[in-house]
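Understanding the architecture of this molecule
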Amino acid sequence: MTSVAPSSWPSTERARAATILVAVLVMLAIDALPEPAPIARGDELITLSGPGKACLAILAFAITLWVTEAVPFAVTALFVLLLIPVLGIADYPAAVRAGFGNTLITFFIGVLLLSTGFTRSGLGTRLVLYVLRVVGTRTDRVLLGFLVVGALLSMWITDMSVAAVLLPLGVGVLRDARLEPLKSNFGRALMISCAFGPLIGGIGTPAGAGANLAAVGYLRELAGVEITFLRWMAYGVPASLLMIPVGWRLLLRAFPPELDRLPIRDAEIAERLAALGRPTRLEIWTLVVFAGTITVWLTTPLLAGWTGGLIDPPPQAVALGGGLLLFLPGLRVLVWKQAQRDMDWGGVILIVAGLSLGVMVFETGAARWLAQVMLGRLALVPDVLQPFVIVLVVAALHLLFSSNTVTGAIIMPILIALAQDLGLDVWAVAAPAAFTSSLAFILVTESPTNVLPYSAGYFSIRDMARVGIAMTVGAAVCVTIAIVTVRSLGGG
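Presented here is an overview of the structure given in this document. Please read all numbers here as calculations on a predicted model, not as lab measurements. Along each chain, residue indices are assigned from 1 in the same order as the chain's sequence is written. In keeping with the model being predicted, local features are shown solely for residues with a pLDDT of at least 70 and side-chain atom pairs are shown and tallied solely at 80 or more, while totals for entire chains, interfaces and linings include all residues. Hydrogens and water molecules were not included; the side-chain quantities draw on all heavy atoms of the structure.

**Observations concerning the packing of helix α11 (residues 229–254) against helix α22 (residues 461–488)**
Each pair of packed helices gets described by two things: the angle between the helix axes and the distance between those axes. So the rule is basically this: Inter-axis angles, ranging from 0 to 180 degrees, are taken between N-to-C directions of lines fitted to C-alpha atoms, where helices are fitted over the stretch in contact. Strands are runs of DSSP state E lasting at least two residues, helices are runs of H or I lasting at least four, and both sets are numbered from the N terminus onward. Orientation categories follow fixed angle ranges, with anything under 35 degrees roughly parallel, anything over 145 roughly antiparallel, 65 to 115 roughly perpendicular, and all other angles oblique. Handedness of each helix crossing follows the sense of rotation of the near helix against the far helix: counterclockwise by less than a right angle gives left-handed, clockwise gives right-handed.
Contact geometry for α11 and α22: axes closest at 8 Å, N-to-C directions at 150°. As the angle between them shows, α11 and α22 are arranged roughly antiparallel. Considering how the two elements wind past one another, α11 and α22 form a crossing that is right-handed.

**Side note on helix α9 (residues 185–201)**
The α-helix advances 3.6 residues per turn, and as a result positions three or four apart in sequence lie on the same side. Here is the rule we go by: How far a helix is expected to stretch is found by multiplying one less than its residue total by 1.5 Å. The seven residues ending at a residue and the seven starting there each receive a fitted axis; the angle between those axes is the bend at that residue. When accessible area is computed with a 1.4 Å probe and restricted to protein chains, residues below 20% of their type maximum are described as buried, those above 50% as exposed, and intermediate ones as partly exposed. Polar contact is defined as a pair of N or O atoms within 3.5 Å, subject to the rule that within protein one atom must be able to donate a hydrogen and the other to accept it, and that residues adjacent in sequence are counted only when both atoms are side-chain atoms.
Its 17 residues give α9 an end-to-end C-alpha distance of 24 Å, which sits within 8% of 24 Å, the value for a rise of 1.5 Å per residue. In α9, a bend of some 30° at Ser 193 exceeds every other bend along the element. Counting buried positions over the 17 residues of α9 gives 16, a clear majority of the element. You can read the cap of α9 off the contacts: a side-chain oxygen lies 3.3 Å from the backbone nitrogen of Phe 186, and it is on Ser 184.

**Re the side chain of Thr 449**
Which entries qualify depends on this criterion: Two residues form a contact once any of their heavy atoms are found within 4.5 Å.
The topology assignment puts Thr 449 in helix α21 (residues 448–454). If near-sequence neighbours (up to four positions away) are discounted, Thr 449 is found in contact with Asp 159, Met 160, Ala 163, Ala 195, Pro 198 and Leu 199.

**Concerning the packing of aromatic side chains**
Threshold: A pair of Phe, Tyr and Trp rings is counted when the ring centres sit within 6.5 Å of each other, with Trp represented by its six-membered ring. The angle between the planes then sorts it: under 30 degrees is stacked, over 60 is edge-to-face, the rest tilted.
Evaluated as defined, the whole model comprises seven aromatic pairs. Taken together, a centroid distance of 5.5 Å and an interplanar angle of 70° make the contact between Trp 232 and Phe 435 edge-to-face. Here Trp 232 is found in helix α11, whereas its partner Phe 435 is found in helix α20 (residues 426–436), with 203 residues between them in sequence. Its relative accessible area of 0% is what places Trp 232 among the buried residues. The exposure class assigned to Phe 435 is buried, which follows from its relative accessible area of 0%.

**Overview of a nonpolar patch on the surface**
As a reminder of what qualifies: Nonpolar side chains (Val, Leu, Ile, Met, Phe, Trp, Tyr) within 5 Å and like charges within 9 Å form the patches, drawn only from residues with over 30% relative accessible area and no salt bridge. For accessible areas, the Shrake-Rupley method is used with a probe of radius 1.4 Å. Any residue's cover is judged against the shown protein chains and nothing else. The term salt bridge refers to a pairing of a side-chain nitrogen on Lys or Arg with a carboxyl oxygen on Asp or Glu at a separation within 4 Å.
A surface patch of nonpolar side chains, about 580 Å² in accessible area, is lined by Leu 56, Leu 59, Ile 63, Trp 66, Val 67 and Phe 73. Examining the composition of the nonpolar patch, we find that five residues originate from one element, helix α2 (residues 50–68), more than from any other. Within the secondary structure, Trp 66 is located in helix α2. Overall, Trp 66 belongs to the partly exposed group, its relative accessible area being 33%.

Given below as structure tokens:
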């Protein structure tokens, strides 16, 4: 493991680091100054409030970095977004809404930067070889390995973050095998598995997706039903585990691999790992940033509890902060012009447009009307088939909204009310809908988790829809089996 001391950095990198330090000190000094006396203008007193002084401090920080170009202009601008809540001017969502409109956009930019850093630093290549050494080079096992790793990680980390981890690994495997985008069945299957694995695992625990936490909140507030971690997992984990082999077989059937094994011998994998040598400082820094980002995501609830809410960073801010750390002088994993070329900015636009459409469908009342039309006769469906019907109906609604959270916001209150009116077990009725809010298997546009693998260019929208329809039906069967079995055993 190699490291480079600051004294051995190139002089330009030392100068940039010193400039950043000066900018931070100037900002802190201005923020620490006492509030000046009001200025009289006629009968009016013009005051500089504490938040106003903090704004001037951030402005001084930004101007210093913009003038000196110590870091790229865009990176400085994104740092400003993080400094606004740090200095107590406004919370992170408010700061983002003032410019971007939705915090999900900054989350997407952050994970794209992290994914690009994985590839650029060389860490992605190293991890690809480690994965291949464990699962072997048979293409069916490689595919299963990606599904399993994606599902297990996504039970604890958000779907989109896991897709960001898997994407560079999958692309590395395909490039090593010299498989071209849109010309390889294995390429299609492997890249789609980078979305399917995280989607499948995301329903396993409440932490797996943002829509899960929203569902827990609706159940507590509207029905007085408290869903603990273990109660959620009683249905979610069995359903996830059942979906993994279903997704594996469907992908192999829809896209039969054109080669039985990757053109890499086991001995060659060991040789390549040895040739890479010890991890470089850029690989180490990338791993530290990525591991730190994931750790903060996982421990935020604990930190918020221990500090009484004083430390409670939104996951979107954590993702953006992690991505920006890859631009630091001396540890510069990314150069902005390279990042611009490597990142899928079309995917960002796709998310913005999809969210706008979903919110409009919701706010005009069209979504509520559709949900009533499609689920109003749920009482006529036998109990054992109700989860199956709910999954299919919610999956159909999901096609319209392009947002897990919007889908959950529309359908959860309606299902809770229906369950109460009909005297049904609220959790047994709501659980399939909560799960399906995150199971966006059909359209690329349904979830950012799908957009990331799609951005690699190895499969088309039609390819995903082709296998996604069958996967949705398979998921409905798996969720039904899990709920019916657990209820029959007295669980859930």
